[in-house]
Amino acid sequence: MTYIGEAAAMGGNMNDGAPALPSGRVGGGSGLLLTAHAVTVPLVRPFITAVRRTTVLESVLVEVRDAEGRSGWGEAPISAVTGATTAGVIASVHGPLQALLESDDGSGDLSAALSRIAGSDERSAARMAVDCALHDLAARRAGLPLYRYLGGRHNRILTDMTLSVDGPAALARAAAVHRAAGFDCVKVKLDAHGDPVAKLRAVRNAVGVDARVRIDANQAFTADEAIRFITALEDDGVDLELVEQPVPAGDWDGLARVTSTVRTPILADESVWTVKDLHRLIDAGAAAMVNIKLAKTGGLTPAMELASTAQAAGIGVLVGCMMESGVGIGAAAAFASALAAKSGAEVPQDLVGGLWLRESPVDGGSRYSGSTIVLDDAPGTGITRLRKPQPRR
């Protein structure tokens, strides 16, 4: 694990003395100080989708510290999907987003700051990091775990396991390994190459009839291609829980045509970032479900609005993630806990990102126990500090 840029000087406990500030940065009248920590963490194996291949997590962890020395943590995953870059996120956090905190009235009420962050034009991943850090801080001030602060009741959230793009035999082997490890739900990444029917038939045979099987196409197909292979799987008796984003994000007509033609529920991901996008999906009848990711919405505040709007319209909600550490995963799982408390439904979420990391960049916070994310019952997220870089082996 390596740290670059801001991260180099920030390995101490969150309750240690105030950090040295980069040149030109001051705390401001609100007493809230943002500090960005760029991290790179190796993955346990390559992560391969229809749009990218990576062997590392690149992320920016954001710490907000108040005048009493309390800290909250958030994460901005670096991804071509969101357009976030490490340099861009750090500049956004230390510039415009810090300025929005400094326009506070000094009352210490974080709700106004959260509203200003949500209304910012900064990239969604940077807003996610600051929004989640402020929520973490608010929960710590309230003496509540983040999931309870958001309205959740349970600190254990199920997740699926993602299988990278591969051939039928390799997918079957990977699926069998994860099924034996306790994962009752697998999500298969597809690209436009090879035979998707053969791949999914192999996975279904490997995991048995009782497991949930999902597909994530990451926009790889045309509507005609998607209809053809989904219908073939249905006719072949390969039971699928859902198919995620089979067509390009902007192809609303194509997405709606797939949804109206096949029996398998269609989950929109890249098509829906905002409430405006969701209304377009609802009006078009384009999908039965939506994957809400904090890196798309810009944090918990807009994610909760998006989920409320979806549920009111009868649209199913799945909570997902980018390639993220336990910092982002913990916030998303707390959000999932709050949604489950309202709906009463407990389904595997799509929050496996942290399991791909060789090590965590922080101490404390959420952890995995097999297919379950266990949320810390300490105030906030339970994160205590940024870890120091470990020597490469």
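Up top is the structure these notes are about.
What you are looking at is a predicted structure, and each value in this text was computed from that prediction instead of being measured. (Residues numbered from 1 in each chain as written. Predicted model: local features only at pLDDT ≥ 70, side-chain atom pairs only at ≥ 80, totals over all residues. Heavy atoms only, no water.)

Trainee: Any chance you could explain the sheet that holds strand E6 (residues 161–163) here in plain terms?
Mentor: Backbone hydrogen bonds hold the strands of a sheet together, and the pairing may be parallel or antiparallel. Ordered by their spatial adjacency, seven strands build an open sheet running E6-E7-E8-E9-E10-E11-E12, and the pairing between neighbours is parallel. Strands at the two margins of the open sheet, each flanked by one partner only, are E6 and strand E12 (316–320). Pairs of neighbouring strands in the sheet enclose a mean axial angle of 30 degrees, with direction left out of account. Bridge analysis of strand E9 (residues 242–244) against strand E10 (residues 266–268) gives two bridges, and the strand direction is parallel. Bridging from a neighbouring strand, glutamate 244 pairs with leucine 267 of E10. (Pairing = 2+ DSSP bridges. Helix = DSSP H or I, 4+ residues; strand = E, 2+ residues; numbered from the N terminus. Axes fitted to C-alpha atoms, helices over the stretch in contact; angles between N-to-C directions.)

Trainee: What is the right way to read the pairing of strand E4 (residues 71–77) from this model?
Mentor: On any regular strand, side chains alternate: one points to one face of the sheet, the next to the other face. Along E4, seven of the seven residues are buried, which leaves the element largely enclosed by surrounding structure. Burial along E4 is two-sided: Ser71, Trp73, Glu75 and Pro77 facing one way and Gly72, Gly74 and Ala76 facing the other are all buried. In terms of strand pairing, strand E3 (residues 53–65) meets E4 through seven bridges, oriented antiparallel. Bridge pairing links arginine 65 to serine 71 in E4. Between E3 and E4, which pair antiparallel one after the other, the connecting turn spans five residues, and glycine 69 there sits at a positive phi close to 90 degrees. (Buried < 20%, exposed > 50% of the residue type's maximum accessible area, 1.4 Å probe, protein only.)

Trainee: Can you walk me through the packing of helix H2 (residues 110–118) against helix H3 (residues 124–142) in this structure?
Mentor: Packed helices, taken two at a time, are described by their axes: the angle between them and the distance between them. Where H2 meets H3, the axes come as close as 10 Å, and the angle between the chain directions of the two elements is 170 degrees. Between H2 and H3, the interaxial angle falls into the category roughly antiparallel. Taken together, the residues of H3 that come into contact with H2 (itself represented by Leu110, Ala113, Leu114, Ile117 and Ala118) are Arg127, Val130, Asp131, Leu134, His135, Leu137, Ala138 and Arg141. Looking at side-chain class alone, the contact of H2 with H3 contains nine nonpolar, one polar and three charged residues. (Parallel < 35°, antiparallel > 145°, perpendicular 65-115°, else oblique. Contact = heavy atoms within 4.5 Å. Nonpolar A, V, L, I, M, F, W, Y, C, P; charged D, E, K, R; others polar.)

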